[in-house]
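Residue-level structure breakdown
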Amino acid sequence: GFKTGVLTNNWVDDSAGRLFTATLMNLLHRHFDLVIESCRLGAQKPDPKIYTYALDALQMKPQEV
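Residues numbered from 1 in each chain as written. Predicted model: local features only at pLDDT ≥ 70, side-chain atom pairs only at ≥ 80, totals over all residues. Heavy atoms only, no water.

- Going by an unreviewed UniProt entry, the protein carries the name Bifunctional epoxide hydrolase 2 and comes from Charadrius vociferus.

Quick look at the structure:
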């Protein structure tokens, strides 16, 4: 089958609503092979580093995705 992933441009949520964000991210991790959060990686779209990281994590080549 196919591998699926999510690349997010997000930030560390320290607001009163952070439980919602944490719950949402937890749900995403359950449904996708890979979830990359820009705030954890230190790179965000459209920086090529986030895409390179995703390819490496999935062990894929650009032409395969």
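**Overview of the pattern of salt bridges**
- Applying the stated rule across the entire model yields one salt bridge.
- Among the ionic pairs, Arg40 bridges to Glu37, the shortest N-O distance being 3.0 Å.
- A relative accessible area of 69% places Arg40 in the exposed class. (Salt bridge = Lys/Arg side-chain N within 4 Å of Asp/Glu carboxyl O. Buried < 20%, exposed > 50% of the residue type's maximum accessible area, 1.4 Å probe, protein only.)

**Things to note about the pairing of strand β1 (residues 5-8)**
- Burial of the side chains of β1 is restricted to one face: Val6 and Thr8 are buried, whereas none of Gly5 and Leu7 on the reverse face is.
- Regarding topology, helix α1 (residues 18-31) serves as the crossover connection from β1 to the parallel strand β2 (residues 34-37), and that connection is right-handed. (Helix = DSSP H or I, 4+ residues; strand = E, 2+ residues; numbered from the N terminus. Right-handed = clockwise from strand over helix to strand, strands pointing away.)

**Some remarks on the environment of Met25**
- Following the sequence through the fold, Met25 ends up in helix α1.
- Sequence separation between Met25 and Leu41 is 16 residues, and the spatial gap between their C-alpha atoms is 15 Å.
- Contact partners of Met25, with chain neighbours within four places excluded, come to Thr8, Asn10, Val35 and Glu37. (Contact = heavy atoms within 4.5 Å.)

**As for the nonpolar core**
- Ranked by size, the top nonpolar core spans six residues in total: Leu34, Ile36, Ala43, Ile50, Ala54 and Leu58.
- Elements supplying a minimum of two residues to this core: β2 and α3 (48-58).
- No other element matches the three residues that α3 contributes to this core.
- Setting aside residues up to four positions removed in sequence, Ile50 forms contacts with Leu7, Thr8, Ile36, Ser38, Leu41, Ala43, Gln44 and Lys45. (Core = buried A, V, L, I, M, F, W, Y, C linked by side-chain atoms within 4.5 Å.)

**Looking at unusual backbone geometry**
- In this model, Lys45 is joined to Pro46 through a cis peptide bond whose omega is 10 degrees.
- Mapped onto the secondary structure, Pro46 falls in the loop between α2 (38-41) and α3.
- Phi at Gln59 is positive, roughly 55 degrees, even though this residue is not glycine.
- Tracing the backbone through its elements, the reader meets Gln59 in the segment after α3.

**Let's talk about the confidence of the model for the protein**
- Looking at the protein as a whole, its pLDDT mean stands at 89, while 100% of the residues score no less than 70.
- Mean pLDDT values for the elements of the protein range from 85 in α1 up to 95 in α3. (pLDDT = per-residue confidence, 0-100.)

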